[in-house]
There are 2 protein chains.
Amino acid sequence: MKLKVKDVDIATKGVQIVILHQSDAEKLDIYHLDRIRITKGKRTTIAIVNIAESEKLVPKNCIGLFEEVLDVLKARDGSTVNIKLEKKPESIEYIKEKLDGKKLDYAKLKQIIEDIIDNKLTDIELTTFVTSYYIHSSNMQEIADLTKAMINTGEKINFGKKPIVDLHSIGGVPNNRTTMIVVPILIAAGYKFPKTSSRAITSPAGTADTMEVLCSVKHTIPRLKKIVKDVGGFIVWGGSVNLAPADDRIIQIERPLSIDSEAQMLASIMAKKASVGSSHLLLEIPVGQETKVKTQSKAQHLKRMFKSLGRKIGIKVMCIITDGNEPIGNGIGPVLEAKDVLYILSNDVRGPSDLKNKSLMIAGDLLHFVGCSNGRKKAKEILESGKAMIAFMNIVKAQGGKPLNANELKLGNYQYTVTAKKDGYISGFENLGIARIARIAGAPRDKKAGMFLHKHAGDKVKKREPVFTIYSKNKIKLDFAIETLKKTKIYSLRCRR
Amino acid sequence: MKLKVKDVDIATKGVQIVILHQSDAEKLDIYHLDRIRITKGKRTTIAIVNIAESEKLVPKNCIGLFEEVLDVLKARDGSTVNIKLEKKPESIEYIKEKLDGKKLDYAKLKQIIEDIIDNKLTDIELTTFVTSYYIHSSNMQEIADLTKAMINTGEKINFGKKPIVDLHSIGGVPNNRTTMIVVPILIAAGYKFPKTSSRAITSPAGTADTMEVLCSVKHTIPRLKKIVKDVGGFIVWGGSVNLAPADDRIIQIERPLSIDSEAQMLASIMAKKASVGSSHLLLEIPVGQETKVKTQSKAQHLKRMFKSLGRKIGIKVMCIITDGNEPIGNGIGPVLEAKDVLYILSNDVRGPSDLKNKSLMIAGDLLHFVGCSNGRKKAKEILESGKAMIAFMNIVKAQGGKPLNANELKLGNYQYTVTAKKDGYISGFENLGIARIARIAGAPRDKKAGMFLHKHAGDKVKKREPVFTIYSKNKIKLDFAIETLKKTKIYSLRCRR
């Protein structure tokens, strides 16, 4: 059937969509969300049909093309195209199998992941995949196949000879910016550490956001290779390299319902590590009421799963289970967290000791993991000798930043400090409450926004002594954060220990 | 935040959607598919956000409104509106509970169904509900609650005193147009029979499509009440009355993956029956390789489920399990099926005996079910005396048609007859193959299109004798149907029985 093109001036950034008038759709027995093949001269593509009931957007005998389809066909308003009904991608059959509880093999999973990346699946189809995967627990073979499918459909970067060390934390703990301390310690000890990190999704700062305070976190793959060669490693935003790209689309589906599929999490984390050739991964699993992992038994289970998946795809995994109930570090928000890191690296007394000790423990364990005897002692030596700071500054320079000290980093001009209402002890902070206030103040987009904790859990506090300070560069946002404090618990105070 | 309206000239026919430029979305920490409240003067509504990366469709400081949103706000291009982030509908929490395998109570199910009808849920959220419901088997209490939620969110029509009889077939058998014979027999016997039927979705004709050959199948509720009062019953398209309206939206989600949730099917069928006040329902479950129900044990299971659900919502259910392997009747397609029905009602020898016998059995069982002794004998008397034909013609007239006889119904001018290649016996027809060819020829939209079976399973056939004829009013469609015959099996021929 020949139809006249109408440029409807809409882009999806993804799936190719066309709009048919209902009467034309009926002629070809085409339904909403069916697929059609559209041909113009030698160019051809497959798109998903939306049906218009009125002629307002797309008149009869016309076809409304979204920008993505216009581009592929090199079509424009008034061109003529030919359409015919196209069968569904095979991957839909496989998704249906998963829905019915069957295990999928590598070939089928790879086809699904490829079709996700090529934007061939609608939200309905992809949601069915995600929820089926969530409900029908996967066995390790299937998770390994999913991981391999994700690895083999994205970029793979070869940084040369092993060992290549890596670090990942399951997340949910404010600050916890250990990565920026552990990476330079390991590099100073002579190991390659190509670290890709995430930006904050629901937290006030991710490692990539914090690193971005100091230098660019987006680099091309050839540049990344050169950086590793020159300075031993980097800390960049994973989203800027195309590692396991299906992940983003899957997360987009999981977000509205906060679906948290274990198989999907395992595959997505490990695929990204495998894509940069990591040989030794230290995985931190913080356990706490307000973190992703709430119980010790869940943490132990995840530990087994990660180690087992690592064996299947050739990554040695070491897991440490940590206490995730309290924030680690003083600052929450990109600049505040960067200051904590710089204080520790420069052995400044203002460096928070909890973050320092945790980073040394992780760096030590990682050194031990790759074969150093007395890893923790070595980590401490490297940090205290200033070698870690030098390695870190080399990274910052290699990533296009200039060396700064913590005092040079400025915070938002608008501040508000909360003081203790009575004498007592801080019995604990609330991770979610802290994250919420810091985000409302503007973090992570406003890098200078966030919250500084003057006290930690267990600290003694006197009446009118500051407990925390909120920073923002925007007065309205600060006011809204203060307003929100009324209904948000940040800490608990007890009269006696 | 104040934004300027841009009319983007798109309609969804459902969910309210707005488009924000990425930079504005970032300011308010709004993500793709988040919900916002939009206010213009005293008018306010909630819509789902899509995010535009370029300024082509929606520039910064503007908000693109879909037609549905413009209508509700009485806004136009250039108006100013105020937006703020809105929390998600509560039903999303309940969908999450179902995803996690919990049972939902009536109040939660009703909230979900209401939000479905009000178009408050995105495809992702609704698909999660549908797939979770599909995977996590429901208990009878939950199915009954879902059914009640569907009943209480749609129209309910009161046709007065009981008994009110009803009939439903699970489907998948070509023709099988028993309804149009059973309804007039029961009406002639003095029972009220307000029958709502479906149109074809993937078959060549539904009862509503076939009835529409003779009269209108869309009537208002006051008109339907008058028809029942005047002539005892009707046969109309269920979609024209607003019974259990959530059903359509759910089916739209199930269609792309052919998801077939038992709980959803039970609830949707029974809610529609309850909405018209049915007291006695005869349910036919055809079992066959190419029907919805493939095994006897599945049929027995469904029988128990329907009877049990009936008890919970106050409908007496009688189930008959029939052989669904072969088409019932000679014609497939609206006009061809109407002809079969009219031949039988007028006791013409051209009436297919299989359809006649099956209709008499069902009518007899239904009569027996409502208390008539010797129901089958009575059904036969009513049909053969011509009383059923009179009752049927009264319905046709009441629904705005004029009485016709079978010979007056014309078929598509383009025909193609397939003859036997050798002597033998027809060992069977293929339901799916028949449906496919009849649809390609144009059925059900082309009412005159379809397939006529000259022979039935078990019939002797001689070389060059006609086996079936395809009809279409469109030469191209007929050619395509003939082309498709090459790769589509319609019947099997054996040399000996």
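Residues numbered from 1 in each chain as written. Chains lettered and ligands numbered in written order. Predicted model: local features only at pLDDT ≥ 70, side-chain atom pairs only at ≥ 80, totals over all residues. Heavy atoms only, no water.

1. Details of the interface of chain B and chain A
This is how it is decided: For this analysis, residues touch if any pair of their heavy atoms sits within 4.5 Å. By buried area we mean how much accessible surface two parts lose on assembly, using a 1.4 Å probe and totalling the loss over both. Salt-bridge detection follows one rule: a side-chain nitrogen of Lys or Arg within 4 Å of a carboxyl oxygen of Asp or Glu. For this analysis, a polar contact is any N or O atom pair within 3.5 Å, provided that within protein one partner can donate a hydrogen and the other can accept it, and provided that sequence-adjacent residues contribute only side-chain to side-chain pairs. The secondary structure listing takes helices from DSSP runs of H or I that are at least 4 residues long and strands from runs of E that are at least 2 residues long, numbered from the N terminus. Here the term charged refers only to Asp, Glu, Lys and Arg, the term nonpolar to Ala, Val, Leu, Ile, Met, Phe, Trp, Tyr, Cys and Pro, and the term polar to all other amino acids, Gly among them.
Each partner contributes residues to the interface: chain B has 44 residues there, and chain A has 43 residues. In total, about 4,000 Å² of surface goes out of reach between chain B and chain A, with carbon and sulfur atoms giving 55% of it. Among the residues of chain B in contact with chain A, Ile124(B), Leu257(B) and Arg445(B) are the three that bury the most area, contributing 17% of the side total. Our enumeration of links across chain B and chain A arrives at two salt bridges. One salt bridge connects Arg255(B) with Asp34(A), and the closest N-O pair in it is separated by 3.5 Å. Scanning the region where chain B abuts chain A turns up eight residue pairs in polar contact (both at pLDDT 80 or more). Contributions of two or more residues to the side of chain B that touches chain A are made by α1 (22-27), α3 (91-99), α5 (123-135) and α10 (246-254) of chain B. Ranked by residue count, the leading element in the side of chain B that touches chain A is α5(B), at nine residues. Of the residues assigned to the side of chain B that touches chain A, the class counts are 17 nonpolar, eight polar and 19 charged.

2. A closer look at helix α12 (residues 296-313) of chain B
All names here are of chain B. Under the convention used in this document: One less than the residue count of a helix, multiplied by 1.5 Å, gives the span that helix is expected to have. For the exposure calls, accessible area comes from a 1.4 Å probe over protein chains only, and a residue counts as buried if that area is under 20% of its type's maximum, exposed if over 50%, partly exposed in between.
Under the 1.5 Å per step criterion, the end-to-end length of α12 is 26 Å for 18 residues, consistent within 8% with the ideal 26 Å. Every buried residue of α12 is accounted for by Ala 299, Leu 302, Met 305, Phe 306, Ser 308, Leu 309, Gly 310 and Ile 313. Each element contacted by the buried residues of α12 is listed here: α6 (140-151), α11 (262-275), β10 (280-287) and β11 (316-323). Backbone geometry just after α12 places Gly 314 at a positive phi near 80°.

3. Section: the domain arrangement of chain A
All names here are of chain A. Note the cut-off: Boundaries between domains were set according to an automatic or database domain assignment.
If you check the domain split of chain A, you get domain 1 (2-86), domain 2 (91-136), domain 3 (165-244 + 255-398) and domain 4 (411-494). At the junction of the two partners, domain 1 supplies seven residues and domain 2 supplies seven residues. Between domain 1 and domain 2, roughly 470 Å² of surface is buried when both sides are summed, and carbon and sulfur atoms account for 56% of that area. The largest share of the area that domain 1 buries against domain 2 comes from Val 15, Leu 33 and Arg 35, three residues that together contribute 74% of it. Joining domain 1 to domain 2, the criterion identifies one salt bridge. When the shortest N-O distance is used, the salt bridge between Glu 125 and Arg 35 registers 2.6 Å. Where domain 1 packs against domain 2, one counts two residue pairs in polar contact (both at pLDDT 80 or more). Looking at the side of domain 1 that touches domain 2 residue by residue, the class counts come to three nonpolar, two polar and two charged.

4. Some thoughts on the relation of the copies chain B and chain A
To keep things clear, this is the line we draw: In this comparison the copies share one frame, found by least squares on the C-alpha atoms of residues holding pLDDT of at least 70 in both.
Mapping chain B onto chain A calls for a rotation angle of 180° and an axial translation of 0.1 Å; the resulting RMSD is 0.1 Å. Both chain copies can therefore be described as sitting about a two-fold axis. A shared interface surface links the copies, since 98% of the contact residues of chain B are contact residues in chain A too.

5. With respect to the state of the cysteines
Residue and element names in this part refer to chain B. The line we're drawing: Cysteine sulfur atoms are paired as a disulfide whenever they come within 2.5 Å of each other.
Tallied over the full model, the rule gives zero disulfides over all chains. Free of any disulfide, Cys 319 has its nearest neighbouring cysteine sulfur in Cys 372, separated by 20 Å. Note on Cys 319: relative accessible area 9%, which makes it buried.

6. A word on the nonpolar core
Our working definition: Throughout this description, the term nonpolar core refers to a set of buried Ala, Val, Leu, Ile, Met, Phe, Trp, Tyr and Cys residues connected via side-chain atoms within 4.5 Å.
The biggest cluster of nonpolar side chains holds 127 residues, and the ones touching the most others in it are Ile116(A), Met150(A), Phe306(A), Ile116(B), Met150(B) and Phe306(B). For this core, the element with the most residues is α11(B), which contributes eight residues. Contact partners of Ile116(B), with chain neighbours within four places excluded, come to Leu121(B), Leu126(B), Phe129(B), Ala246(B), Arg249(B) and Ile250(B). Core analysis: the second largest hydrophobic core is formed by 67 residues, Val165(A), Phe234(A), Val236(A) and Ile362(A) among them.

7. With respect to the confidence of the model for chain A
Under the convention used in this document: pLDDT is a per-residue confidence score from the predictor, ranging from 0 to 100.
Looking at chain A, the pLDDT average stands at 93 and 100% of residues meet or exceed 70. For this predicted complex, the interface score ipTM comes out at 0.81, while the overall pTM is 0.84.

8. Some thoughts on unusual backbone geometry
In most cases, non-glycine residues show a negative phi, while peptide bonds are predominantly trans. Omega for the peptide link from Lys162(B) to Pro163(B) comes to 0°, which places this bond in the cis form. For Pro163(B), the position within the fold is in the loop between α6 and β7 (165-169). Residue Pro444(B) follows Ala443(B) across a cis peptide bond; omega there is 0°. Looking at the secondary structure, you find Pro444(B) in the loop between α17 (431-440) and β15 (450-453). Of note in this structure, Asn61(A) is not a glycine but carries a positive phi near 65°.

9. With respect to the sheet that holds β7(B)
Residue and element names in this part refer to chain B. Threshold: Note on pairing: two strands pair once DSSP finds at least 2 bridges between them. Fitted lines through C-alpha atoms give the axes, limited to the stretch in contact for helices. The angle between two N-to-C directions lies from 0 to 180 degrees.
Taken in spatial order, the three strands line up as β7-β10-β11 in an open sheet, and their pairing is parallel. What marks the edges here is a single partner per strand, and that holds for β7 and β11. Shown here is a sheet whose adjacent strand axes are inclined to one another by a mean of 20°, direction ignored. Running at roughly 160° to β7, α11 makes contact with β7, β10 and β11 of the sheet.

10. What about the sheet that holds strand β10 (residues 280-287) of chain A?
Pairing between sheet strands relies on hydrogen bonds along the backbone, with the strands arranged either parallel or antiparallel. All names here are of chain A. In space, the three strands of this open sheet follow the order β7-β10-β11, with parallel pairing throughout. Here the strands that pair on one side only, and so sit at the sheet edges, are β7 (165-169) and β11 (316-323). The sheet shows a mean angle of 20° between the axes of neighbouring strands, direction not considered. As judged from the eight bridges shared by β10 and β11, these two strands associate in the parallel manner. Residue Glu 284 lies in a different strand from β11, and its bridge partner there is Ile 320. In this fold helix α12 (residues 296-313) packs onto β10 and β11, with an angle of close to 165° to the strand it touches most, β11.

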